[in-house]
Amino acid sequence: MTPEKAKVALVFDWMTTSGGAERVNLVLHKLFANAPIFTSVYNPEKVKGFENSTVKTSFIQKLPLAKTHHQYYLNLMPYAFEQIDLSDFDIIISSSHSCAKGIITKPESLHICYCHSPMRYAWDDWHNYVSNYKMNPILKFFGKKQLHRLRMWDRLSADRVDHFIANSNTTKKRIAKYYKKFSKVIHPMINTKDFILNENSTRDFYLAVGRLTPYKKFGLIVDAFNKNGKQLKIVGDGVELSTLKAKAKNNIEFLKFIPDDKLKELYGQAKALIFPQIEDFGITPLEAMACGTPIIAFNKGGALETVVENISGIFFDKQTEKGLNDAIEKFEKIEKSFDRQKIRKHVEKFDTECFEKQLMDFIGEKWEQLQKQNTNR
C-alpha cells in the first residue's frame, strides 16, 4: 500500500488561536484534504481555513470557556487525547507542542509527530512560566503540582511516537534532551509569493509582531523604546496588553490584530523587525524578510537558523534594555548596507513547496519501511 492509498488522520493540540503551529496545520490539511482532524477544542471563529474539513473534538469542547481559555483544561488533555480512537487509520500525523502526540495507535500504524517543541511550560521554561504567568496564587500553587504530573505523562507519551520531526535544531536538541529521541529537522514555511518587496517605503518605524505573553519579551521591547524614543508599532494581543500599554510612551503604538494584507504592508514599511525572544523557530522573521525587512534578533533559538548576521539582520547577546538598544544603534549605523532584494532571496529556501516535498518524502520513506517490517513479521 502506498502512502496515497493509506488512511490518514491528523491530530492537533487545539484549534483556538492562530500562530506558527496553525500555519503548519493548514499545510497538513492541504496535503491530506480528506483526512479527519482530531483535536481537543476547536473555535472556528478564531481559526480559519478548516471550514471544509472534518474536525472531531474531545469532551473538553463542551466545557465552560474551553473555546477561549483552553489552558484551563490542560490537566484534562492527556486523558482526552488517549480517548481518541484511531484504530481505523494507517498513518497518523500529530502536530504537537503539547498533548497531541500522546494518542494511542495500533502497532501496524505509523505515527509521525511534527514537534513544534516539547511542552515549554513543563520543561525548560517551566520556572519562568510559573513565576511570570499572571494567575491566582492559589491556582498557581496547585498548577505546580499539575505540571509535575503532566511532565511525567509527557515523557511517557513521547515513547508512543514512531518518528519525530523537529521544526528546528533548537527543538531537535530539546527532543533529544527530554524525550531521548532522534528527530529529523524540517523547517516550517511561508508562501514567499504572498509577500511583496517594497523598496520605496519611507521606513520611519520599527515593528514587533506576536502574542503578548511574557516569554515573547514585549516588556523588554517597550522598555527599550521608552528609553530610545524611536517610533515602534506592536501588532498582537495577549495577557500583557494592558500592562504594556500602561507603561508605554507615546512613541509606541499598539495595533492588536490586523488583517494579513495590512500586516504585510507594515512588514515592508518597517526599518526592521524586533525579535528579542528565544523561539523554537519563528515564522514572523521569515515573513518580514520575505518583504525585504532585516531582523534585530536575540542570539539564541530558532532565529539562528533563519537570520544571517549582517546579511538579513543583526544579533544581540543580552536580553536587556541596553543590549537591545545597543543593537538598534548598531543597526542604524549600517542600515543602508542591507540589500533588501538579497534578504528576500535568502528566505526562498523556506518556501511552502520545499516544506511539502521534504515532509512527503519523509512520510513516504517511513511508511515504506513500516510496510516491509509488517510483511516480514
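The structure this text deals with has already been given above.
Now for a look at the structure at hand. In this text, all values refer to a predicted model and were calculated from it rather than measured experimentally. Every chain is numbered on its own, with residues counted from 1 as its sequence reads. pLDDT decides what is reported in this predicted model: residues at 70 or higher carry local features, side-chain atom pairs at 80 or more are listed and counted, and totals for whole chains, interfaces and linings draw on all residues regardless. Side-chain calculation: all heavy atoms of the structure are included, whereas hydrogens and water are not.

**Structural notes on the environment of Thr54**
Next, step 1: Looking at the element boundaries, Thr54 is found in the loop between β2 (37-39) and β3 (55-57).
Next, step 2: Sequence separation between Thr54 and Asn34 is 20 residues; the distance between their C-alpha atoms is 8.2 Å.
Next, step 3: Among all residues touching Thr54, those that are not within four sequence positions of it are Pro36 and Ile37. Helix and strand definitions here come from DSSP, where helices need a minimum of 4 consecutive H or I residues and strands a minimum of 2 consecutive E residues; each element is numbered from the N-terminal end. The contact definition used throughout considers only heavy atoms, calling two residues in contact when any of these lie within 4.5 Å.

**Side note on the packing of helix α1 (residues 20-31) against helix α12 (residues 352-376)**
Next, step 1: Fitting a line to C-alpha atoms yields each axis, with helices limited to the stretch in contact; the angle taken between N-to-C directions then spans 0 to 180 degrees. Axis separation between α1 and α12 bottoms out at 11 Å; the angle between their running directions is 65 degrees. The chirality of how α1 crosses α12 is right-handed. The segment α1 lies against α12, with Val24, Val27, Leu28, Lys30 and Leu31 engaging Thr352, Phe355, Glu356, Leu359 and Met360.
Next, step 2: In this classification, the charged set is Asp, Glu, Lys and Arg, the nonpolar set is Ala, Val, Leu, Ile, Met, Phe, Trp, Tyr, Cys and Pro, and all remaining amino acids, among them Gly, are polar. Residue composition of the contact of α1 with α12, grouped by class: 7 nonpolar, 1 polar and 2 charged. In this scheme the handedness of a crossing depends on how the near helix is turned from the far one: anticlockwise by less than a right angle means left-handed, clockwise means right-handed.

**Here's the deal with helix α8 (residues 260-269)**
Next, step 1: Burial here depends on accessible area, computed with a 1.4 Å probe over protein chains only, as a share of the maximum for the residue type. Under 20% is buried, over 50% is exposed, and the range in between is partly exposed. All buried positions along α8 are accounted for by Leu263, Leu266, Tyr267 and Gly268.
Next, step 2: Elements that come into contact with the buried residues of α8 comprise β8 (206-209), β9 (232-235), β10 (252-256), β11 (273-275) and α9 (283-290).

**Brief notes about the pattern of salt bridges**
Next, step 1: By definition, a salt bridge exists where a carboxyl oxygen of Asp or Glu is found within 4 Å of a side-chain nitrogen of Lys or Arg. One pass over the full model with this rule turns up 20 salt bridges.
Next, step 2: The partner of Glu356 in a salt bridge is Lys30, and the shortest N-O contact between them spans 2.9 Å. With Glu356 in helix α12 and Lys30 in helix α1, this pair connects stretches of sequence that are 326 residues apart.
Next, step 3: Lys230 serves as the salt-bridge partner of Glu332, at 3.1 Å between the closest nitrogen and oxygen. On the criterion of sequence distance, the pair formed by Glu332 in helix α10 (residues 321-334) and Lys230 in the loop between α6 (218-228) and β9 is long-range, its members being 102 residues apart.
Next, step 4: Accessibility expressed as a relative area gives 26% for Lys230, which makes it partly exposed.

**A few points about empty space enclosed by the protein**
Next, step 1: Using a 1 Å grid laid over the protein atoms alone, points where a 1.4 Å probe fits but cannot get out form a cavity; open sets with protein on both sides within 12 Å along at least 5 of 7 lines form a pocket; any residue with an atom within 4 Å of a point counts as lining. Grid points are joined across faces, edges and corners, and a volume is the space filled by probe spheres set on the points. Under the defined criterion, the tally for this structure stands at 2 cavities of 30 Å³ or more.
Next, step 2: In terms of residue count, α1 provides more of the lining of the largest cavity than any other element does, 3 residues in total.
Next, step 3: Considered class by class, the residues forming the lining of the largest cavity number 3 nonpolar, 3 polar and 2 charged.
Next, step 4: Within this model, the second largest cavity holds a volume of roughly 30 Å³.
Next, step 5: Partitioning the lining of the second largest cavity into residue classes produces 5 nonpolar, 4 polar and 1 charged.

**Comments concerning the pairing of strand β13 (residues 313-316)**
Next, step 1: In β13, alternate side chains face the same way, and those of Gly313 and Phe315 on one face and Ile314 and Phe316 on the other are all buried.
Next, step 2: Bridge count for strand β12 (residues 295-298) against β13 is 4 bridges, and the pairing is parallel. Directly across from Ile295, in β13, lies its bridge partner Gly313. We treat two strands as partners when DSSP finds at least two bridges between them.

**Considering the nonpolar core**
The nonpolar side chains of a soluble globular protein tend to be buried, and buried together.
Next, step 1: Tyr206, Leu207, Phe225, Ile234, Tyr267, Ile296 and Leu324 are the most contacted members of the largest nonpolar core, which has 55 residues in total.
Next, step 2: Those residues within four positions of Ile296 in sequence are excluded, and the remaining contacts are Tyr206, Ala272, Leu273, Ile274, Phe275, Ile314, Phe316, Leu324, Ala327, Ile328 and Phe331.
Next, step 3: Take the buried Ala, Val, Leu, Ile, Met, Phe, Trp, Tyr and Cys residues and link them wherever side-chain atoms come within 4.5 Å; each set so joined is a nonpolar core. Formed by 28 residues, the second largest nonpolar core is a distinct cluster that contains Leu10, Val27, Tyr42 and Ile93.

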